[in-house]
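Fold and contact review
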Amino acid sequence: MTHLWVRAEQRQNEERVGITPEGAKALLDAGLKVTVEESSARAIPLAGYREAGCEIAPENSWPDAPADAIIFGLKELPEDGTPLPHRHIMFGHAYKGQHSGKALLQRFKTGGGTLYDLEYLVDETGRRVAAFGYWAGFAGAAVSLKCWVAQQHGSICGPVGVYASKDDLLDDLGTELDALSDERPTALVIGALGRVGAGASDLCESLGVPVTKWDMAETASGGPFPEVLQHDLFINCIFARPGTPVFVPKSALTAQRTLTVVGDVACDPDSDYNPVPVYESATTWESPAVRVYDTPPLDVMAIDNLPSMLPRESSEDFAGQLLASLMTLPDLTSGVWGRAKAEFDKHTKTL
């Protein structure tokens, strides 16, 4: 019997989950076994999973799960170097030249386990079957605007937190913007035709922020892109990969510019292909922005778990997209799981 073990997230400020109680019930009805760990932070209460018929396990007990269990989480595991013998479904962030990713893959190789990276669950056309992208873009644009608001007050953005709904977020940010003036900053969104870019653009338009939407056609020249510096905010929604243009080079720091906030929603600062190489590490909920230049200011927002600002909505959306693939877990050799395993094998061969 295929056994899916839904682990608690161990990262601070992470309240999302990749399956709802309704989804768990569908798996149980299909003959799978589902265990859900207790969690002190999960946005969806444990009671729903218990009522669906799931077995309940102590929080963070996944290392002691049966050897045949498939461990399902979202964000990264504790970086303690321990070997990983299980099969894991998660976002590994390990295939794009990230230096921390190599250590993760080595843990799998040492332990004999397998990573089924959620970012590489793709259909026959190469399109991802499930993504948090829309909510990452939505929340990333919101925090970027908060950074701009803070600049108007002569400061840098303070801590951000969880919102009960997108309407609460829009109300909060709209109040902050209205307190300044009726005039809104301008924004340029790269990757506007994708899920992430659509979320960022929708957030801006909901608040009356004029947004310039660029995608592949506008960036085909490879740069440089002086138009980026002519907007107040630049929001990067394109994931780093070989051939990605540089949109905000280090020379932009001292160039004449209107730009004062970079929202790097894709957030791959340690990638060899980072398209905004003006900062070196991700920012946090406690310190959302890093100031990379003082006069005029240039702040970078690069939080790497942005959808958790709206954990309930983003979880339900993602879980709905992913459920059909979870239903096929009894056959890990073909379909989305077979393709994800091939990607894992390709990258671990070079270790």
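Here's a quick rundown of the structure. Everything quoted here is computed from the prediction, not taken from an experiment.

What follows deals with the sheet that holds strand E7 (residues 187–190). The strand order across the open sheet formed by six strands is E8-E7-E9-E10-E12-E11, and the pairing between neighbours is mixed. Both edges of this open sheet fall to strand E8 (211–214) and strand E11 (289–293), since each of them pairs with a single strand only. Taken pair by pair, the neighbouring strands of this sheet meet at an average axis angle of 20°, ignoring direction. Summarising the sheet, E11 and strand E12 (residues 298–301) pair through four bridges and their orientation is antiparallel. Each bridged residue has a counterpart across the sheet, and for Val290 the counterpart in E12 is Val300. Contacts from helix H6 (residues 195–206) reach E7, E8 and strand E9 (233–236), with the element oriented near 165° to E8.

We now examine the side chain of Asn236. You can see Asn236 is positioned in strand E9. Taking the relative accessible area as the measure of exposure, Asn236 reaches 0% and is therefore buried. Not counting the four nearest positions on each side in its chain, Asn236 is found in contact with Ile190, Phe247, Gly263, Asp264, Val265, Ala266 and Pro275.

For the rest of this paragraph, the subject is the packing of aromatic side chains. Applying the stated criterion across every chain yields a total of twelve aromatic pairs. Ring plane angle 40° and centroid distance 5.4 Å describe the contact between Phe225 and Phe247, whose orientation is recorded as tilted. Linking Phe225 in the loop between helix H7 (216–219) and E9 with Phe247 in the loop between E9 and strand E10 (261–264), this pair joins segments that are 22 residues apart in sequence. The residues Phe225 and Phe247 share a single accessibility class, namely buried. A connected cluster of aromatic rings, assembled from ring pairs, spans Trp214, Phe225, Phe234 and Phe247. The positively charged end of Arg16 is found above the aromatic ring belonging to Phe132, 4.3 Å away from the centroid. The ring of Tyr49 carries the charged tip of Arg42 above its face, separated from the ring centre by 5.8 Å.

Further remarks concern the side chain of Thr283. Note on placement: Thr283 falls in the loop between E10 and E11. Not counting the four nearest positions on each side in its chain, Thr283 is found in contact with Pro288, Ala289, Val290, Val300, Met301, Ala302 and Ile303.

Bringing the environment of Ala47 into the picture now. Following the sequence through the fold, Ala47 ends up in helix H2 (residues 46–52). Here Ala47 falls in the partly exposed class, since its relative accessible area comes to 38%. When the C-alpha atoms of Ala47 and Gly137 are compared, they prove to be 31 Å apart, with 90 residues separating the residues in sequence.

A separate point is the pairing of E10. The side-chain alternation of E10 yields two buried faces, one formed by Val261 and Gly263 and the other by Val262 and Asp264. When E9 meets E10, the two strands line up parallel, connected through four bridges. If you follow Ile235 over to E10, its bridge partner there is Gly263. The pairing of E10 with E12 spans three bridges and is parallel. Within E12, the residue paired with Gly263 across the bridge is Met301.

So, about the sheet that holds strand E2 (residues 33–37). With respect to topology, six strands assemble into an open sheet ordered E3-E2-E1-E4-E5-E6, the strand pairing being parallel. Strands with a single pairing partner mark the edges of an open sheet, and in this sheet they are strand E3 (55–57) and strand E6 (114–117). Along the sheet, successive strands turn relative to each other by an average axial angle of 25°, direction set aside. Relative to E3, E2 runs parallel, the two being bridged by three bridges. Note on E3: the bridge partner recorded for Thr35 is Glu55.

Rules of the game
Residues numbered from 1 in each chain as written. Predicted model: local features only at pLDDT ≥ 70, side-chain atom pairs only at ≥ 80, totals over all residues. Heavy atoms only, no water. Pairing = 2+ DSSP bridges. Helix = DSSP H or I, 4+ residues; strand = E, 2+ residues; numbered from the N terminus. Axes fitted to C-alpha atoms, helices over the stretch in contact; angles between N-to-C directions. Contact = heavy atoms within 4.5 Å. Buried < 20%, exposed > 50% of the residue type's maximum accessible area, 1.4 Å probe, protein only. Phe/Tyr/Trp six-rings, centres within 6.5 Å; stacked < 30°, edge-to-face > 60°. Lys NZ or Arg CZ within 6 Å of the ring centre and 35° of its normal.

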